[in-house]
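# Fold and geometry: a report
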Amino acid sequence: MIGSRIAAVGHYQPARVLTNEELAGMVDTSDAWITSRVGIRTRHIAGPDEPVDELAAHASAKALAAAGRTPADIDLVVVATSTAIDRSPNMAARVAARLGIPGPAAMDVNVVCAGFTHALATADHAVRAGAAHRALVVGADKMSDVTDWTDRSTCVLVGDGAGAAVVEAAEETGIGPVLWGSVPEMGHAVRIEGTPPRFAQEGQSVYRWATTKLPSIARQACEKAGLAPEDLAGVVLHQANLRIIEPLAVKLGAVNAVVARDVTDSGNTSAASIPLAFSKLVERGAVSAGDPVLLFGFGGNLSYAGQVVRCP
């Protein structure tokens, strides 16, 4: 069986930046309240003429350019999103059409905040099984579309954006085995539901689950890759809340790793958060080619998925 690797990554965020001070003029909140509770300072918000597939296509184009590939080189497109408005055509097909990818298999994955790591595992499996040779894997969400901007418990959290990776066949494995699962009986803890759909969550339940249950699961993802947490050069957790990211990283024991904290500048971008934060680490040279990095998504459905990858 062949292996697979991430050849390149890319990311994109809308130009509009929404600050905590601006939010304080919209709802009963303050910069001090937001930063003390979730660690977020700013977030990017897409306009009404910037749909999810446009965000995804921008990030994808950057990843393709960084990999030195053209749209014709891609034969599988997997897009992780939970904010697609239409059921069909799916987001992957729309991204493929925007980029001019000829005839790919195109599928969406809706696992909310753990979507990208699920999508990456799906592409990895397809490539290693010989069902695809080169895949485009995208996490993209426009959380501003599903947010109640009068609810201070949720509107302070969210942002919009996209991140992408080009995954291709390789002689050596650059994407470790995935560890994934869920707690479906607690799926109500994070929701995007209703008409119109709105994001809601039981914050304390999610916090307790993430900080008590997930550290051991994240360590198991390292074990499946044959590494100890102290061997990691980087850790990219779902960028939900700095008060979740920091204790989870400490309990994981990745003492030598750079820990992504993009949530402070981008907010919670759901499926986009991991590829967005990972791409920024690569772009600024915080991690180097070949370095082992843990990608670990968690949240909606109380689902989780993680794998150790080698940096492009």
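Okay, so let's go over this structure. (Residues numbered from 1 in each chain as written. Predicted model: local features only at pLDDT ≥ 70, side-chain atom pairs only at ≥ 80, totals over all residues. Heavy atoms only, no water.)

Moving on to the state of the cysteines. Counted according to the given criterion, the structure contains 0 disulfides. Free of any disulfide, Cys 222 has its nearest cysteine sulfur in Cys 311, 14 Å distant. Here Cys 311 falls in the buried class, since its relative accessible area comes to 6%. (Disulfide = S-S within 2.5 Å. Buried < 20%, exposed > 50% of the residue type's maximum accessible area, 1.4 Å probe, protein only.)

Moving on to the packing of helix H8 (residues 214–224) against helix H9 (residues 242–252). In the contact formed by H8 and H9, the axes pass within 9 Å of each other and the chain directions differ by 55 degrees. One way to sum up the angle between H8 and H9 is to call them oblique. At the point where H8 passes H9, the crossing takes the right-handed sense. Across the interface between the two elements, Leu 214, Pro 215, Ala 218 and Arg 219 from H8 touch Leu 248, Lys 251 and Leu 252 from H9. (Axes fitted to C-alpha atoms, helices over the stretch in contact; angles between N-to-C directions. Helix = DSSP H or I, 4+ residues; strand = E, 2+ residues; numbered from the N terminus. Parallel < 35°, antiparallel > 145°, perpendicular 65-115°, else oblique. Left-handed = near helix turned anticlockwise from the far one by under 90°. Contact = heavy atoms within 4.5 Å.)

In this description, a pair of aromatic rings is defined by centroid distance and the angle of the planes. Tallied over the entire structure, the rule returns 1 aromatic pair. Here the aromatic rings of Phe 296 and Phe 298 are separated by 6.3 Å at their centres, their planes lie at 40 degrees, and the arrangement is tilted. We note that Phe 296, like Phe 298, is buried. For Arg 152, the ring lying beneath its charged end belongs to Trp 33, and the centroid distance is 4.4 Å. Over the aromatic face of Tyr 207 sits the side chain of Arg 243, whose NZ or CZ is 5.3 Å from the ring centroid. (Phe/Tyr/Trp six-rings, centres within 6.5 Å; stacked < 30°, edge-to-face > 60°. Lys NZ or Arg CZ within 6 Å of the ring centre and 35° of its normal.)

Attention now goes to the environment of Thr 70. Of note, Thr 70 is situated in the loop between helix H3 (52–67) and strand E4 (76–80). Overall, Thr 70 belongs to the partly exposed group, its relative accessible area being 41%. When the C-alpha positions of Thr 70 and Ile 101 are compared, they lie 8.4 Å apart, and in sequence the two are 31 residues distant.

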